[in-house]
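# Close look at the chain arrangement
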Amino acid sequence: MEIKHLQTFLTAAKTLNFTQTAKILDYAQSSITAQIKSLEDELGTTLFERLGKRIYLTKAGIELTQYAEKIIQLDEEMRYAVTGDSELNAFLTIGAQESQCTYRLPRILKAFKQLHPQVELIFKPVHASEIAKNLLQTDHLDLAFITDTRKIMSTLYTETLLEEDLVLVVSPTHHLNHTEKLSLEEIAQETILLTEKGCSYRTQFENKLQQEGIFPRHIIEFVSIEAIKQCVIAELGISLLPKMVVEKELISGTLIELPIALNLNPIYTEIAWHKDKNIPPYLNDFIQIVRQEYKSF
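What you see is a predicted model, and the numbers here were worked out from it, not measured in a lab.

## Things to note about the packing of helix H1 (residues 3-15) against helix H3 (residues 29-43)
It is the contact of H1 with H3, at a shortest axis distance of 9 Å, that shows an interaxial angle of 110°. Regarding the angle of H1 to H3, the classification is roughly perpendicular. Where H1 approaches H3, its residues Lys 4, His 5, Leu 6, Thr 8 and Phe 9 are matched on the opposing element by Ile 32, Gln 35, Ile 36, Ser 38 and Leu 39. Of the residues contributing to the contact of H1 with H3, the split by class is five nonpolar, four polar and one charged.

Printed below as a string of structure tokens:
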């Protein structure tokens, strides 16, 4: 039984998609199929159930994932003991919302790659904290950045990095910019540009309006924060965003913060991983880099 085949199997078990597995591992899809078939022949059982265009792990496949992880971990320990290199074929899968991806992670990832150039980083943007939590619990992510209110989850370890400031912003030429003090009723009369549903601060904002019996006249939903910013600058509406994503625009004057106290619950950025997660040295180093870098944000 080849370690390479087990690594391919584990990647396929996480993605449940042979095409995506081939892209991640940089193999031809036919090679992925052949490696899985070789494992199934050697074990004398079916590991994946193929239903139409989708695949699912069989009971035997679920069982194998546990042993494959142990075998690969033992192989890494052996290589480290013999050669001093524990990072051959090592993967680190990170999840985060777009705001973290764009404005904070590049510096962290650069520092990590300088320290661990052999570790392959797989980055997964996740727009909602609940999605990140589910991916952590199903072992599809090694670590995630979660931006949300503090919530205790028995299966996850979470560590708070910092509290995020939320601001309502408009173009400096928008008519609301000349208002000294705004109410939620006035905000609701405007076109509001928001992130996708499931975003923690959007959910809070909408809940706040509903509690006050206020219903926005017009909402436009975007998948991209950069698109929201450009549309606000073009005076298409107003938006609620983390301050970190508009700091440059607020300094340059291309966006203006509106004078209103929303009284929302604090939003925090946290790192999280499964409590039962094995923490190899390179993942521990990643966590240490994150802690150090976030002190300067």
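There is more to say, and it comes next.
## Comments concerning helix H9 (residues 200-211)
Compared with an ideal rise of 1.5 Å per residue, which puts 12 residues at 16 Å, H9 spans 17 Å between its outermost C-alpha atoms and is within 8% of the ideal. Regarding H9, the residues found buried are Ser 200, Tyr 201, Arg 202, Gln 204, Phe 205, Glu 206, Lys 208 and Leu 209. Where H9 ends, the next residue or the one after it, Gly 213, has phi of about 70°, a positive value.

## Here's the deal with unusual backbone geometry
We note that Glu 235 has phi near 65°; this positive angle belongs to a residue other than glycine. By the secondary structure assignment, Glu 235 is in the loop between helix H10 (225-233) and strand E10 (238-242). Phi at Asn 263 is positive, roughly 55°, even though this residue is not glycine. Residue classification places Asn 263 among the exposed residues on the basis of a relative accessible area of 63%.

## Regarding the packing of aromatic side chains
On inspection of all chains with the given rule, the structure shows seven aromatic pairs. Between Phe 18 and Phe 48 the ring centres are 5.5 Å apart and the planes differ by 85°, which places this aromatic pair in the edge-to-face class. Here Phe 48 lies in strand E1 (residues 48-51) and Phe 18 lies in helix H2 (residues 18-25), a separation of 30 residues in the sequence. Aromatic rings pair up to connect Phe 112, Phe 145, Phe 286, Tyr 294 and Phe 297 into one cluster. Sitting above the plane of the Tyr 67 ring, Lys 70 keeps its charged end 5.6 Å from the centroid.

## Thoughts on the nonpolar core
Core analysis: the largest hydrophobic core is formed by 22 residues, its most contacted members being Leu 143, Phe 145, Ile 271, Phe 286 and Val 290. Only strand E3 (91-96), helix H6 (105-115), strand E5 (143-148), strand E6 (156-164), strand E12 (267-274) and helix H12 (281-294) provide two or more residues apiece to this core. Among the elements that line this core, the one with the most residues is H12, at seven residues. Dropping the residues within four chain positions of it, Phe 286 is found in contact with Leu 92, Ile 94, Ile 108, Leu 109, Phe 112, Leu 143 and Phe 145.

## Observations regarding a negative patch on the surface
Together, Glu 163, Asp 165, Glu 247 and Glu 257 make up a negatively charged patch on the protein surface. Here Glu 247 is to be found in helix H11 (residues 247-252). Given a relative accessible area of 44%, Glu 247 falls into the partly exposed group.

## A look at the pattern of salt bridges
Considering all chains together, one arrives at 14 salt bridges under this definition. With a shortest N-O distance of 3.5 Å, Glu 130 and Lys 133 are connected by a salt bridge. Taken together, the positions of Glu 130 and Lys 133, both in helix H7 (residues 129-137) and three residues apart, correspond to about one turn of that helix. When its relative accessible area of 39% is taken as the criterion, Glu 130 is described as partly exposed. Classification of Lys 133 by relative accessible area gives buried; the value is 5%. Several salt bridges converge on common partners, so that one network encompasses Glu 130, Lys 133 and Asp 148.

## Details of the packing of H1 against H2
At their nearest, the axes of H1 and H2 sit 9 Å apart, and the two run at 130° to each other. When the axis of H1 is compared with that of H2, the two are oblique. Considering how the two elements wind past one another, H1 and H2 form a crossing that is right-handed. Across the interface between the two elements, Thr 8, Thr 11, Ala 12 and Thr 15 of H1 pack against Phe 18, Gln 20, Thr 21, Ile 24 and Leu 25 of H2. Looking at the contact of H1 with H2 residue by residue, the classes come out as four nonpolar, five polar and no charged.

Calculation rules
Residues numbered from 1 in each chain as written. Predicted model: local features only at pLDDT ≥ 70, side-chain atom pairs only at ≥ 80, totals over all residues. Heavy atoms only, no water. Axes fitted to C-alpha atoms, helices over the stretch in contact; angles between N-to-C directions. Helix = DSSP H or I, 4+ residues; strand = E, 2+ residues; numbered from the N terminus. Parallel < 35°, antiparallel > 145°, perpendicular 65-115°, else oblique. Contact = heavy atoms within 4.5 Å. Nonpolar A, V, L, I, M, F, W, Y, C, P; charged D, E, K, R; others polar. Expected span 1.5 Å × (residues − 1). Buried < 20%, exposed > 50% of the residue type's maximum accessible area, 1.4 Å probe, protein only. Phe/Tyr/Trp six-rings, centres within 6.5 Å; stacked < 30°, edge-to-face > 60°. Lys NZ or Arg CZ within 6 Å of the ring centre and 35° of its normal. Core = buried A, V, L, I, M, F, W, Y, C linked by side-chain atoms within 4.5 Å. Patch = residues over 30% accessible without salt bridge, like charges linked within 9 Å, V, L, I, M, F, W, Y side chains within 5 Å. Areas by Shrake-Rupley, 256 points an atom, 1.4 Å probe, with all protein chains shown as cover. Salt bridge = Lys/Arg side-chain N within 4 Å of Asp/Glu carboxyl O. Lys, Arg positive; Asp, Glu negative; His and termini not counted. Charge placed at Lys NZ, Arg CZ, Asp CG, Glu CD. Left-handed = near helix turned anticlockwise from the far one by under 90°.

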